[in-house]
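Spelled out from the first residue to the last, the chains are:
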Amino acid sequence: MKQAALGGGNPVLYHQTLPSFSMPEWAAAAGYDGVILDLQHGELGLEAACGILRSIPRENAYAYARVGSLDPAPILRLLDSGARGVVAPTVESRSQAEALVAATKYPPAGNRSLGPSRPALYPGDSYTGAGNRAVSAVAQIETRAGVDRAEEIVSTPGLDSVYIGPADLAVSYGLPGRGDWEDGPVREAIAYLREVTSAHGVTLGIYSGRPEYAAGLLAEGLVDYTGLGIDLVLLNRAFGDTIAGLAPARTARSTS
């Protein structure tokens, strides 16, 4: 993610909360670059997530997993199954960022145990060196406390990216929990995080449920990549639009 975003690309991923092997295939066919398997919310457990990761081609650089905590044991399982990045939610301190790096990187950058359980996962002269380059440590900043401590978080050695959770961030400022803020403290926080991440050579991403809002942020250079949509929300929208299309005929029949 770091190398691709700094090279001028703007990867687009989606959040997956359902234990489906088909969803990443359909998303890729539609044009998405990758997925963030969400183990923090939804129905997706560790075993299912590891299976889905193994079904995604090894060369896909955007097979990510958002974990529920900084427990290194499930993080190790996800990485050995092929996760190319680990998103840690609600990072609010340097020590949490350091714990994330330690769990995702091989020595000397971190403490990840060497367990090459998926063949040719990190091709290169040095398996550990290639693994550290291939895997992104992503700190999710989604609270006012995280923004206030952004400098100490982003400057953590080995941290590759910051991912903004705008709805939770809004709530931490006493605002409604929506993500498409054009002004106010959330928008100011996005701009500030852009400055801090740029200064440290770290990429910046954000979740958005609205493509036009994400497009605006990308066009302004405020973010490098986006998580666009959640599977359950996208399915709910499709269900609603589909049944709404039949509503006039059903209404006419019931009144005739």
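These notes cover the structure that comes with them. (Residues numbered from 1 in each chain as written. Predicted model: local features only at pLDDT ≥ 70, side-chain atom pairs only at ≥ 80, totals over all residues. Heavy atoms only, no water.)

Moving on to the overall build of the chain. Along the chain, the regular secondary structure elements total twelve helices and eight strands. In terms of C-alpha radius of gyration, the chain reaches 19 Å, essentially the compact-globule figure of 18 Å for 256 residues. Along the longest, intermediate and shortest principal axes, the C-alpha atoms of the chain span 75 × 45 × 30 Å. Here the chain holds 256 residues, and the buried ones make up 45% of them. (Helix = DSSP H or I, 4+ residues; strand = E, 2+ residues; numbered from the N terminus. Rg over C-alpha atoms; globule rule 2.2 N^0.38 Å. Buried < 20%, exposed > 50% of the residue type's maximum accessible area, 1.4 Å probe, protein only.)

Next up on the list: the sheet that holds strand β2 (residues 34-38). Taken in spatial order, the eight strands of this closed barrel run β1-β2-β3-β4-β5-β6-β7-β8, and their pairing is parallel. Looking at each pair of strands side by side, their axes are set apart by 25 degrees on average, direction ignored. This element, helix α11 (residues 211-219), spans β7 (203-208) and β8 (225-230) of the sheet and lies at about 175 degrees to β8. (Pairing = 2+ DSSP bridges. Axes fitted to C-alpha atoms, helices over the stretch in contact; angles between N-to-C directions. Contact = heavy atoms within 4.5 Å.)

As a further point, take the packing of helix α3 (residues 46-55) against helix α4 (residues 72-80). Put simply, α3 and α4 touch, their axes get as near as 8 Å, and they point 25 degrees apart. One element, α3, and the other, α4, form an angle in the roughly parallel class. Crossing hand, α3 versus α4: right-handed. In this structure, α3 contributes Leu46, Glu47, Ala49, Cys50, Leu53 and Arg54 to the contact, and α4 contributes Pro74, Arg77, Leu78 and Asp80. In terms of residue class, the contact of α3 with α4 is made up of six nonpolar, no polar and four charged. (Parallel < 35°, antiparallel > 145°, perpendicular 65-115°, else oblique. Left-handed = near helix turned anticlockwise from the far one by under 90°. Nonpolar A, V, L, I, M, F, W, Y, C, P; charged D, E, K, R; others polar.)

Moving on, we come to helix α2 (residues 22-30). Taken together, the buried positions of α2 are occupied by Met23, Pro24 and Ala27. The arc that holds the buried residues of α2, viewed along the axis, is 95 degrees, so those residues lie on one side. Facing away from the buried surface of α2 by more than 90 degrees, the exposed residues are Glu25, Trp26 and Ala29. Immediately beyond the C-terminal end of α2, within one or two residues, lies Gly31, with a positive phi of roughly 120 degrees. (Arc of directions from axis to C-beta.)

In summary, the side chains of a regular strand alternate between the two faces of the sheet. Counting buried residues along strand β1 (residues 12-16), four of its five residues qualify, which places the element largely inside the surrounding structure. As defined by bridge partners, β1 adjoins β2 across four bridges and the pair is classed as parallel. For Gln16, the partnering residue across the bridge sits in β2 and is Leu37. Of the crossover connections in this fold, the one passing from β1 over α2 to the parallel β2 is right-handed. (Right-handed = clockwise from strand over helix to strand, strands pointing away.)

Quick look at the layout of surface pockets now. If a probe as big as a water molecule is rolled over the atoms, it shows which places are left empty. When its volume is computed, the largest pocket comes out at roughly 390 Å³. What lines the largest pocket is a set of 22 residues, among which Pro166, Ala167, Asp168, Tyr207 and Ile230 lie closest to the centre. Tallying contributions element by element places helix α9 (residues 166-172) first for the lining of the largest pocket, with three residues. Looking at the lining of the largest pocket residue by residue, the class counts come to five nonpolar, ten polar and seven charged. (1 Å grid on protein atoms, 1.4 Å probe; cavity = no way out; pocket = protein on both sides within 12 Å on 5 of 7 lines; lining within 4 Å. Points joined across faces, edges and corners; volume = space filled by probe spheres on them.)

Inspection of the secondary structure assignment puts Glu142 in the loop between β5 (136-141) and α7 (144-148). This buried residue, Glu142, is left without a salt bridge; Arg66 holds the nearest opposite charge, at 4.7 Å. Within the structure, Glu142 has its side chain in polar contact with the backbone nitrogen of Thr90 (distance 2.8 Å). Other than its neighbours up to four places away in sequence, Glu142 contacts Pro89, Thr90, Gly165, Asp168, Leu169 and Ser172. (Lys, Arg positive; Asp, Glu negative; His and termini not counted. Salt bridge = Lys/Arg side-chain N within 4 Å of Asp/Glu carboxyl O. Polar contact = N/O pair within 3.5 Å; in protein donor to acceptor, adjacent residues only side chain to side chain.)

Those residues of helix α6 (residues 127-134) lying buried are Ala130, Gly131, Asn132 and Ala134. Where α6 is buried, its residues meet β5.

On the surface, Leu232, Leu235 and Phe239 cluster together into a nonpolar patch covering about 290 Å² of accessible area. Position of Leu232 relative to the elements: it lies in helix α12 (residues 231-255). Here Leu232 falls in the partly exposed class, since its relative accessible area comes to 41%. (Patch = residues over 30% accessible without salt bridge, like charges linked within 9 Å, V, L, I, M, F, W, Y side chains within 5 Å. Areas by Shrake-Rupley, 256 points an atom, 1.4 Å probe, with all protein chains shown as cover.)

Let us look at unusual backbone geometry. Cis rather than trans, the peptide bond between Pro107 and Pro108 has omega equal to 5 degrees. Considering the arrangement of structural elements, one finds Pro108 in the loop between α5 (94-104) and α6. Although it is not a glycine, Ala120 adopts a positive phi angle of roughly 55 degrees. With respect to the element layout, Ala120 can be found in the loop between α5 and α6.

Within the secondary structure layout, Asp231 lies in helix α12. Buried charge without a partner: Asp231 forms no salt bridge, and the closest opposite charge is Arg66, 9.9 Å away. Ignoring any residue separated from it by four or fewer positions in sequence, one finds Asp231 in contact with Tyr14, His15, Gln16, Thr17, Leu18 and Met23.

Everything listed here is a matter of coordinates, which is why it stays silent on function.
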